[in-house]
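Coordinate analysis (summary)
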Amino acid sequence: MAAAPRADGSENVIATARHIVRSLATTSEAADDMMRILSAFDRRLSTVPDLFSPSPCAAGEDDAPSSAAAERVIFHWDPSNPDSLLWDSPDTAAEYLSAVDEVLALTATSRGDLLACAEVTLQIAITRLGDEFRHLMIQNTDVLDAENLHDSIQRLFLSFRSSMSDAAVEDVEGSPLSEQCVVARATTIVLSETQIPNLIRPEAISDLRQIADRMITAGSRNDLCRVYTSVRCNILADCLTVLGADTVSSKEVRRMEWKTLDKKMKNWMQALKLVVGVISAERQLCEQILAGSVDLKEECFDEVAKFCVMHLLKFGEAIAEGQRSPERLFGILGMYEVLADVLPDIGALFLGDSKDFICEEVERVLSGMGDAVRGTLAEFGNAIQGETSKKALPGGEIHPLNRYVMNYIKLLVEYSTLLNQLLEDGSIDGRDSSEGGESMTPVAHRVLLLMSYLEVNLEEKSKLYEDAGMQYVFLMNNVLYIVQKVKESELMVLLGDNWVRKRQGQIRQYSMHYLRASWTKVLSFLKDEGLVGSSHGLSKTVLKEKFKSFNFAFEEIYKTQSAWKVPDPQLRAELRISISEMILPAYRAFLARFGGYLEGAWHSTKYIKYTVEDLEKCLADFFEGLPLLKDSCMYSISQVLIF
């Protein structure tokens, strides 16, 4: 019968020392040397005379023969030499597991030195099993192919685009921010389970389960948990790297070029949807491998899943804390939408305190992104007001600021539902969200504010032109562009007919101001003041001067305003008609009344250079944005007069 265990635990120390000596010493002399070394660490060993005697696992008990065989199998596979693996041979793995089972049974029925010996042997076996478990997990992980994975995502993206209406695609592609917006919306599509890769090859699950069961039975839950979570976290980190969602700090985000950051934001949105599916598969994997312990299964899953989610949330947090650059807004909105969309799915993966923790972390990042959206919108408004370029565009065309802002605002409206939540206070800069007594949504008010900044800026930019007529052409072009962008998008619903009618009225006013600024002086030469004296009759000298002045003024305007650009064909035609109605009837009447006085006069064509038809033809060249060409009206007439 085995001796009772010593109260000071000496039997464990002695059993361990015996195993060390028996494993390493080949002679009694070597055993004595090792004993002296070990005694220096623990004086209790100096009192043991039979340290090199046969192991109590191999003698003195009924189970000795089988336990000795099990011990030999376990000691044969040295944990310090993992180059040769048990599971390279199914028979060898089965033999080793059988030996572990025998030692486990021995620890349940033995006492004293035999128990201590069995526990030491078991610890060596568990260490070996932990290494084997790690190798099996790594070797049997399906390697993610980045190219194939991204090809799959691209196919989803193209499928999404094909489902959009042609008009919607055209609207989005009209903006420099279009790709960002479309990708953000595309990633809200839920991926099917067939697109989630296997985490572990199915044929390895049974082997991993057998190892895990024995480690759990041996009381090595912590060791098993440490091995499992470290391997799975490393593998998932590699997975995220393949998806382009590797860890990036706030400092790195601040220093990153926009093109690189833009790509990372898109990758993050794509990865987030995939990761929800991967985490779901991770729970299934835990249930398959760690079924021997409900608590351990939940603990390992929580740690791995938290690692994955927190890895992604760190980038979201870095973006939320980053610069409030206007070009980032749609990326942030896209990230917010995707994260908010997967929040219920993520929360459903966790239980108890872990669920509360993860949901609170996601909500915290969403809150930060909401702050970033509001701050970025405010910064965008500041940027519109602060754009003070002093170079006038040639031809009075649509200003690039106008194009950028209106395309930006058009895309902004695509996120109306989300933005109404983020701007739900209903006021901006302390003002009530209403116009003309009508209540407005937060998005509508914000859009109006941004557009008012734009209109004020364009008004200031019109003053860069010295020619008053060109100032009004510039304003007509740019206000009409704003109206067109509103009418062809959801902005029309947001702002309403009254807003559009008011801007159309502005364009008509600018047209009248243009006519007065450019043509009043020309028209003054077609009046009869100074032609008829009280006693001397009609003054041909004055008449000739009037024709000459009219010709010169018209030609100067022609040379200038044929180079001006009115891109919209309808506005261009309406302006030409307005000029014709103002000038041609007056010229026709003046020519009919006074042209006869110069007929037959020397060089009469020097004064009467144009017929009404000539002028009408010349007006067709106005606002084309082209220099005086050989096929232009003015060039043709001048050539006729020369010859």
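Definitions and cut-offs
Counting starts from 1 at the beginning of each chain's written sequence and moves along it residue by residue. A pLDDT threshold of at least 70 governs which residues receive local features in this predicted model, and a stricter bar of 80 or more applies before side-chain atom pairs are shown or counted, although totals over entire chains, interfaces and linings include all residues. Note that water and hydrogens are dropped before the side-chain values are worked out from all heavy atoms of the structure. The way it works is that DSSP assigns letters per residue, a run of H or I at least four long becomes a helix, a run of E at least two long becomes a strand, and they are numbered from the N terminus. Burial classes: relative accessible area under 20% of the type maximum marks a residue as buried, over 50% as exposed, and values in between as partly exposed (1.4 Å probe, protein chains only). Any two residues having at least one pair of non-hydrogen atoms within 4.5 Å are treated as being in contact. In what follows, salt bridge is the name for a side-chain nitrogen of Lys or Arg lying within 4 Å of a carboxyl oxygen of Asp or Glu. Confidence of the predictor at the level of single residues is given by pLDDT, which spans 0 to 100. Think of a nonpolar core as a cluster: buried Ala, Val, Leu, Ile, Met, Phe, Trp, Tyr and Cys residues, connected wherever their side-chain atoms sit within 4.5 Å. By this rule, a helix spans an expected 1.5 Å times one less than how many residues it contains. Two cysteine sulfurs form what is called a disulfide whenever their separation falls within 2.5 Å.

Moving on to the overall build of the chain. A count of helical and extended segments in the chain gives 24 helices and six strands. A buried classification covers 48% of the 643 residues belonging to the chain. Once local pairs closer than 6 in sequence are excluded, the contacts in the chain between residues at least 24 apart make up 78%.

If the charged atoms of two oppositely charged side chains come close together, the side chains can form a pair. Counted under the stated rule, the structure contains 23 salt bridges. For Arg 214, the salt bridge goes to Asp 101, with nearest N and O atoms at 3.0 Å. Residue Arg 214 is found in helix H9 (residues 202-217), and its partner Asp 101 is found in helix H4 (residues 90-109); the two are separated by 113 residues along the sequence. Classification of Asp 101 by relative accessible area gives partly exposed; the value is 33%. With a shortest N-O distance of 3.6 Å, Glu 488 and Lys 410 are connected by a salt bridge. Highlighted residues: Glu 488 in the loop between helix H19 (468-487) and helix H20 (491-524) and Lys 410 in helix H16 (residues 400-413), separated in sequence by 78 residues. Lys 410 gets classed as buried once you look at its relative accessible area, which sits at 7%. Taken together, the salt bridges that share partners define one network made up of Glu 317, Glu 361 and Arg 364.

In low-pLDDT segments, the atomic positions of the prediction should not be examined closely. Looking at the chain as a whole, its pLDDT mean stands at 79, while 73% of the residues score no less than 70. Within the chain, H19 carries the highest mean pLDDT (96), whereas helix H7 (residues 166-173) carries the lowest (41). Below pLDDT 50 for its whole length, residues 1-7 participates in eight contacts with residues either more than four positions away or in separate chains. Within the model, pLDDT remains below 50 along residues 49-54, and this stretch shows 15 contacts once partners closer than five positions in the same chain are excluded.

Glancing now at the nonpolar core. Formed by 174 residues in total, the largest nonpolar core has its most connected members in Phe 133, Tyr 228, Ile 289, Leu 339, Tyr 514 and Trp 519. Sort the elements by how many residues they give to this core and helix H12 (residues 258-289) lands first, with 14 residues.

With that settled, consider the side chain of Ser 250. Mapped onto the elements, Ser 250 comes out in helix H11 (residues 250-255). Not counting residues up to four positions away in its chain, the partners in contact with Ser 250 are Ala 318 and Glu 321.

Our next topic: helix H18 (residues 442-462). With 21 residues, H18 should reach 30 Å at 1.5 Å per residue; the first-to-last C-alpha distance of 30 Å fits that figure. Taking burial as the measure, the 21 residues of H18 include 16 buried ones, the bulk of the element.

Moving on to the state of the cysteines. Applying the stated criterion across every chain yields a total of zero disulfides. Between Cys 286, a cysteine without a disulfide, and Cys 300, which holds the nearest cysteine sulfur, the sulfur-to-sulfur distance is 6.0 Å. Looking at Cys 286, the relative accessible area reads 1%, which means it is buried.

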